[in-house]
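Spelled out, the chains give:
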Amino acid sequence: MPLMTFEQAITDSERFAKRHLLLGNGFSIACRADIFHYGSLYAQADFLHIPEVQAVFQALATQDFEAAIRALENAARILPSYDPHGAAAAAKMLEHAAALKEVLVQTIAGNHPNIPSDIADQRFWACRRFLAHFLAGPKAGQIFTLNYDLLLYWTLMHDDMPFGDPVALVTNDGFGNDEDDPDADYVVWQGETGAHDAKVHFLHGALHLFDSGSELKKYTWVRKQVRLIEQAREAIAADAYPLFVAEGTSAQKKAKIRHNAYLYQGFKQFTANVKVGTHCLFIYGHSLAENDDHILTRIGRGRFPKLYVGIYGDENLPDSQRIMARANALTRLRTAAYPLEVAFYDAASANVWGAP
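Residues numbered from 1 in each chain as written. Predicted model: local features only at pLDDT ≥ 70, side-chain atom pairs only at ≥ 80, totals over all residues. Heavy atoms only, no water.

Just checking my understanding: could you explain the nonpolar core for this structure?
Within soluble globular proteins, side chains that are nonpolar tend to cluster in buried spots. Ranked by size, the top nonpolar core spans 99 residues in total, and within it Leu100 and Ile299 carry the most contacts. Discounting residues that sit within four places of it in the chain, Ile299 has contacts with Leu22, Phe270, Leu281, Ile283, Phe304, Leu307, Leu330, Arg334 and Leu340. (Core = buried A, V, L, I, M, F, W, Y, C linked by side-chain atoms within 4.5 Å. Buried < 20%, exposed > 50% of the residue type's maximum accessible area, 1.4 Å probe, protein only. Contact = heavy atoms within 4.5 Å.)

Here it is, written out as C-alpha cells:
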C-alpha cells in the first residue's frame, strides 16, 4: 500500500485523546544534513589523538559513531577469551570508545549553527506548525527527542511569524530557577515533582544540559546573554561535558539512563504515556535501530492502540523495508488485550522545516 501523507495521518489520529511524538536524528538532518548526518560529522571529526579508530570505521564500512563505539566495547569484552595476554589491548579499546564519545560531542558542538538566525525564520515557523500537532490544542501530548543538538530547543523558543496566527506551543521542560540562587545565569531541573508537568524531554541528553554533580543545569541565552552553543563550547573546552548518552548498545544506554535522575524520569514519562490506551504515538526521523531498543521495547509493551512511523523516500527501498519490518515486529510484543496497529506515512510530506 502507498504511504499515507502526514496530513492523512494527523486526520486519522483525531480519534485519539492525545498525540505524542518521538524524534530521531532525521529531525535535525532534515534541517541541516550538511552538519547532522553521521557522514558529515565523521568528515569533520578530529581523530588526531585516537587515529586507530578510523580503522574501526573502515572495517565496519560505516560512519556511524555509535556503531564504532559498540564495536570497540564488544571487542574489549571478547578479546580476553582469545588472547589471555590481551588485557592492554582491551583496555585501549575501552579508552578509545570513551574518547570517541567525546569526539562526537566536540564535533557536534564545533559544527553546530552558531545562532538561531543561521537558520531562516521561515524554517522555524514551519517547524513550529509541525510541533503544534503535539504541543498545542486539545490533542497536545508530549515530545520525546533522542537528539543532542539545539534545534528543537531553538524552535520552541523562536518567535512566531509576524502578523500571523500565533502557535501556542507548551514548552515546559521541567527546568526552573535554582531556589538557592534564583539569579543564576542558568536554570536547574526541578526534580521529579516538576517533571510531571514537563512536555518536552531530551531522552539522551543535549548540548545545553550539564550535570554538575549536585544538580542538572540548563544553559540559556536569556540568563547569560551568551550564545548557547558558545556556552557549550566553552564548557567542553574546560573538560565539562554535557549530559550525553552515546553508548554503543541499547543495554548500555539504558544503564546510563537509569543512573541519572533526569534521564530516568524522562524514560519513565515515556513509559507511562505509551501505557495510556487512549493515546497515539508518532515517530519522525528515527531508523528504529536496535541500539535504541530500550525505547522501542516500551512501545511494543505499551497499551496505546496506534503507531505512526515516518518513512523517508521509496517505501520499497531496503532501508525502508527494514524500518517497516522493525515497526511491525513491535506489534508482536503486545498482549491480545492491547493490540497495536502500525501505519506508515511519508516523512517528507510533513514538511517539518518547510517545503523544499
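Before we go on, may I ask you to explain helix H14 (residues 261-273) in this structure?
Structural remark: α-helix, 3.6 residues per turn; residues separated by three or four positions point the same way. Its 13 residues give H14 an end-to-end C-alpha distance of 18 Å, which sits within 8% of 18 Å, the value for a rise of 1.5 Å per residue. Considered for burial, the residues of H14 that qualify are Tyr262, Leu263, Gln265, Gly266, Phe267, Gln269, Phe270, Thr271 and Asn273. Between a side-chain oxygen at the N-terminus of H14 and the backbone nitrogen of Tyr262 the separation is 3.0 Å; the capping residue is Asn260. (Helix = DSSP H or I, 4+ residues; strand = E, 2+ residues; numbered from the N terminus. Expected span 1.5 Å × (residues − 1). Polar contact = N/O pair within 3.5 Å; in protein donor to acceptor, adjacent residues only side chain to side chain.)

Would you take a moment to explain the environment of Ser117 for this structure?
If you trace the backbone, Ser117 turns up in the loop between helix H7 (87-111) and helix H8 (121-135). For the pair Ser117 and His158, spaced 41 residues apart in the sequence, the C-alpha separation amounts to 10.0 Å.

Help me understand H8 in this model?
Under the 1.5 Å per step criterion, the end-to-end length of H8 is 20 Å for 15 residues, consistent within 8% with the ideal 21 Å. Downstream of H8 by a residue or two, Gly137 has a phi angle that is positive, lying close to 80 degrees.

Please explain unusual backbone geometry as it appears in this structure.
Working note: non-glycine residues mostly have negative phi, and peptide bonds are mostly trans. A positive phi angle, close to 60 degrees, is found at Leu288, a residue other than glycine. Mapped onto the secondary structure, Leu288 falls in the loop between strand S9 (279-284) and helix H15 (293-300). The buried category is assigned to Leu288, whose relative accessible area is 0%. Positive phi values are uncommon outside glycine, yet Asn351 reaches one of about 45 degrees. Taking the relative accessible area as the measure of exposure, Asn351 reaches 34% and is therefore partly exposed.

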